Amino acid sequence: KGDVNCDGDITVADVVRLQKWLLAIPGTQIPYWKNADLCEDGRLDGFDLCLLRQQIIEQKDTYTIRLEKVGEDITSLTSTISIINKYLGCGLGEAKNIVNSAPVTITDSATKADADQLVADLEGAGATVSVTKN
């Protein structure tokens, strides 16, 4: 659901295609209309467009965040453990082991905003991190 242009990805291009089709722009075709029927009500309308936009906003990608090193002091270490504990939803003991074994790689599916927030939090605690989108 959502791959309006049938290219294998759900992107802004799908939103544009559905919007053009809804506006009856000449030459605009939807190869498989059921992909655009996100409301699953048998018709294409503005509600499907809204759901498609929401789907793209909430779309998660996989990011690899590498915790290179922890800050120099105990406050940085404690803060970094707390951040990892909260982000990964693991126990404090596991978070401490993760942080103590730096460098360590964390691969997770998240929105860009979530990944950016984790990096900002870790850097704010004095840690050195790198992030790549997979």
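Everything discussed here concerns the structure shown above.
What counts, and where the lines are drawn
- Residues numbered from 1 in each chain as written.
- Predicted model: local features only at pLDDT ≥ 70, side-chain atom pairs only at ≥ 80, totals over all residues.
- Heavy atoms only, no water.
- Pairing = 2+ DSSP bridges.
- Helix = DSSP H or I, 4+ residues; strand = E, 2+ residues; numbered from the N terminus.
- Axes fitted to C-alpha atoms, helices over the stretch in contact; angles between N-to-C directions.
- Core = buried A, V, L, I, M, F, W, Y, C linked by side-chain atoms within 4.5 Å.
- Buried < 20%, exposed > 50% of the residue type's maximum accessible area, 1.4 Å probe, protein only.
- Contact = heavy atoms within 4.5 Å.

Participant: Is there a simple way to explain the sheet that holds strand S2 (residues 104-110) in this structure?
Facilitator: Strand order in this open sheet of 3 strands is S2-S1-S3, and the pairing throughout is antiparallel. On the outer flanks of this sheet lie S2 and strand S3 (128-133), each paired with one strand and no other. Averaged over all adjacent pairs, the angle separating strand axes in this sheet is 25 degrees, with direction ignored. With 7 bridges joining them, strand S1 (residues 61-69) and S2 adopt antiparallel strand pairing. By the bridge assignment for S2, Thr62 is matched with Ser109.

Participant: Would you take a moment to explain the nonpolar core for this structure?
Facilitator: Nonpolar side chains in soluble globular proteins tend to be buried together. With 20 residues, the main nonpolar core has Leu67, Ile84, Val99 and Leu122 as its most contacted residues. Looking at this core, the elements with two or more residues in it are S1, helix H3 (74-88), helix H4 (92-100), S2 and helix H5 (112-124). With 4 residues, the single largest contributor to this core is H5. Apart from residues no more than four positions distant in its own chain, Leu67 is found in contact with Thr80, Val99, Ala102, Pro103, Val104, Ala127, Thr128 and Val129. Listed in part, the 10 residues of the second largest apolar core include Val4, Leu18, Ile30 and Ala36.

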